Amino acid sequence: MWRRLGVLDRIRIGLLGLGVVAVPTGLLPWKAAADSLDEIWPLLIFLVAIIVLAELTKEAQVFDAIAARMAVLGRGNYAALFFLCTAFASFITIFLNLDTTAVLLTPVMLALAPKARIAALPLAMTTIWLANTASLLLPVSNLTNLLGMEKIGLDAQEFAARMWAPQLASIAVTMAFLWAFYWRRGERRDLRYTPPLLEPVADRVLFGAASAGCLLFIVLLLLKAHVAVAATAAAVIVVAAFLVRARKRLTLSLIPWQLVIFVTGLFLVVPTLSRHGLSDLMTWMIGTEGDPYRTAAVGAGLSNTINNLPAYKAVETVIPPTSQDQLLALLAGTNVGPVITPWASLATLLWFESCRRHEVKVPMGRFLLTGTGLAVVGLLATVWALVHFG
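The following refers to the structure shown. (Residues numbered from 1 in each chain as written. Predicted model: local features only at pLDDT ≥ 70, side-chain atom pairs only at ≥ 80, totals over all residues. Heavy atoms only, no water.)

**Quick word on the overall build of the protein**
- Counting its secondary structure elements, the protein contains 17 helices and zero strands.
- Based on the C-alpha atoms only, the size of the protein along its principal axes is roughly 60 × 50 × 45 Å.
- Summarising the internal contacts of the protein: among those between residues at least 6 apart in sequence, 79% fall at separations of at least 24.
- By element, 67% of the accessible surface of the protein is carried by carbon and sulfur atoms, the whole surface being about 17,000 Å². (Helix = DSSP H or I, 4+ residues; strand = E, 2+ residues; numbered from the N terminus. Contact = heavy atoms within 4.5 Å. Areas by Shrake-Rupley, 256 points an atom, 1.4 Å probe, with all protein chains shown as cover.)

**Regarding the packing of helix 2 (residues 30-59) against helix 7 (residues 143-152)**
- Across the interface, helix 2 lies against helix 7 with an axial gap of 10 Å and an inter-helix angle of 145°. You can see that helix 2 and helix 7 cross each other, and the crossing is right-handed. Here Glu 39, Leu 43 and Phe 46 of helix 2 lie close against helix 7, whose contacting residues are Leu 146, Leu 147 and Glu 150. (Axes fitted to C-alpha atoms, helices over the stretch in contact; angles between N-to-C directions. Left-handed = near helix turned anticlockwise from the far one by under 90°.)

**Considerations on the side chain of Arg 12**
- Looking at where Arg 12 falls in the secondary structure, it is placed in helix 1 (residues 7-22).
- The class for Arg 12 is buried, based on a relative accessible area of 7%.
- Not counting the four nearest positions on each side in its chain, Arg 12 is found in contact with Gln 258, Ile 261, Phe 262 and Leu 346. (Buried < 20%, exposed > 50% of the residue type's maximum accessible area, 1.4 Å probe, protein only.)

**Points about the pattern of salt bridges**
- According to the stated counting rule, one finds six salt bridges in the structure shown.
- A salt bridge links Asp 35 to Lys 31, with the shortest nitrogen-to-oxygen separation between them at 3.0 Å. Of the two residues, Asp 35 and Lys 31 are both situated in helix 2; the distance of four residues between them amounts to about one turn of the helix.
- The partly exposed category is assigned to Asp 35, whose relative accessible area is 42%.
- One salt bridge in this structure joins Arg 162 and Asp 325, with 2.5 Å as the shortest N-O distance. Of this pair, Arg 162 sits in helix 8 (residues 156-183) while Asp 325 sits in helix 15 (residues 324-336), placing them 163 residues apart in sequence. (Salt bridge = Lys/Arg side-chain N within 4 Å of Asp/Glu carboxyl O.)

**Some words on the nonpolar core**
- By size, the foremost hydrophobic cluster in this structure holds 131 residues, and its most contacted members are Phe 46, Leu 53, Met 125, Trp 129, Trp 183, Phe 217 and Trp 351.
- Here the element with the most residues in this core is helix 2; it accounts for twelve residues.
- Excluding anything up to four places from it in sequence, Phe 217 contacts Phe 46, Ile 50, Leu 53, Phe 95, Leu 96, Val 140, Val 227, Ala 230, Ala 231 and Ala 234.
- Listed in part, the six residues of the second largest apolar core include Val 23, Leu 28, Ala 33 and Leu 268. (Core = buried A, V, L, I, M, F, W, Y, C linked by side-chain atoms within 4.5 Å.)

**Thoughts on the packing of aromatic side chains**
- Summed over the entire model, instances satisfying the criterion amount to twelve aromatic pairs.
- Where Trp 351 meets Phe 352, the ring centres are 4.9 Å apart and the plane angle is 80°; that geometry is what we call edge-to-face.
- Taking relative accessible area as the criterion, Trp 351 reaches 0% and is therefore assigned buried.
- Given a relative accessible area of 17%, Phe 352 falls into the buried group.
- Considering the side-chain rings of Trp 384 and Phe 389, the 5.6 Å spacing of their centres and the 65° angle between planes classify their relative orientation as edge-to-face.
- The class for Phe 389 is partly exposed, based on a relative accessible area of 47%.
- Through pairs of rings, three or more aromatic residues link up here, namely Tyr 78, Phe 82, Phe 83, Trp 179, Trp 183 and Tyr 193. (Phe/Tyr/Trp six-rings, centres within 6.5 Å; stacked < 30°, edge-to-face > 60°.)

**As for a nonpolar patch on the surface**
- There is a patch of nonpolar side chains on the surface, built from Trp 164, Leu 168, Tyr 293, Val 376, Val 377, Leu 380, Trp 384, Val 387 and Phe 389 and spanning about 880 Å² of accessible area.
- Only helix 8 and helix 17 (364-389) provide two or more residues apiece to the nonpolar patch.
- Looking at which element gives the most residues to the nonpolar patch, the answer is helix 17, with six residues.
- Following the sequence through the fold, Leu 380 ends up in helix 17. (Patch = residues over 30% accessible without salt bridge, like charges linked within 9 Å, V, L, I, M, F, W, Y side chains within 5 Å.)

**Topic: the environment of Met 163**
- Along the chain, the position of Met 163 falls in helix 8.
- Apart from residues no more than four positions distant in its own chain, Met 163 is found in contact with Leu 136, Leu 137, Leu 328 and Leu 386.

Written out as structure tokens, the structure reads:
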């Protein structure tokens, strides 16, 4: 079984193993470990429920239907298709989590490419860049947001009220970079595309149930329900429909055990390291002045070095709860910044695997250079918006 596991799965299991070993050895006191795990169990419930909801929504062909209708609505005009695709990817990221965009929307968009004779790379870059940069508006948009909600001390609507301007800024910069480096005529070569033929959904009941589940999730969020409650309620509706109509599709593979293991291990390892020198290093890196630009830059730099989840957790531990602006700037750094290296966010790693399966070649040099430009310009614009309008 160990040999059949991929490298990423082995790293996740190893991380959890290190965290578990730290407790009986005294590196992490029992009470500290219990407090850390008590903090994340609602997040784990949300994580499982939202991934199940998203996976079954894809199985019900909701994403496929929307993507195909976008291409038809664009009527062969690339500029129109560009705005529709960026709006769709942003919406999915904001309301259904960045991993949904990277993992589930990417295959849909790549499958659309040959049907409409569209170059695949612009569609792929749209999904991964906006999966990261459009994940600032709501707590559910990114796991890093959920990790910081208790310390930041805002509910979902208050969080959105602080982050709407930074979110608009990051999306605007992302759209400018997408058009300049991947979508404009000189990059895509074709003047127009061929709108695809619309295909009927296989099961209208499942399609309706999945659509209703997603809408319920959004409504419950607007009504200030806890994200774990909202995601679970929505997932129950969709799972019930699949139990009746397509029970064979309900398999254990729907449960994101890899993410559960990774997050649990993270919440044991980072507190352990913080007790043994990591906190001092993080304090030195971000300084004591509470500079939001420096904090965001450190978050982005660490994200592209070690991944955004451990980067956020490591830096957050040394920022006092009273420094709300600095905490939000850190989120900007760990959400908008991880667009340079393939390992900067879990979503990017999963996206690369999806591109490989669909035989879409991603030029690494171009990916790194354009991602660096987007990270620098996008982060500056995002933090500026946070400081002046947040």
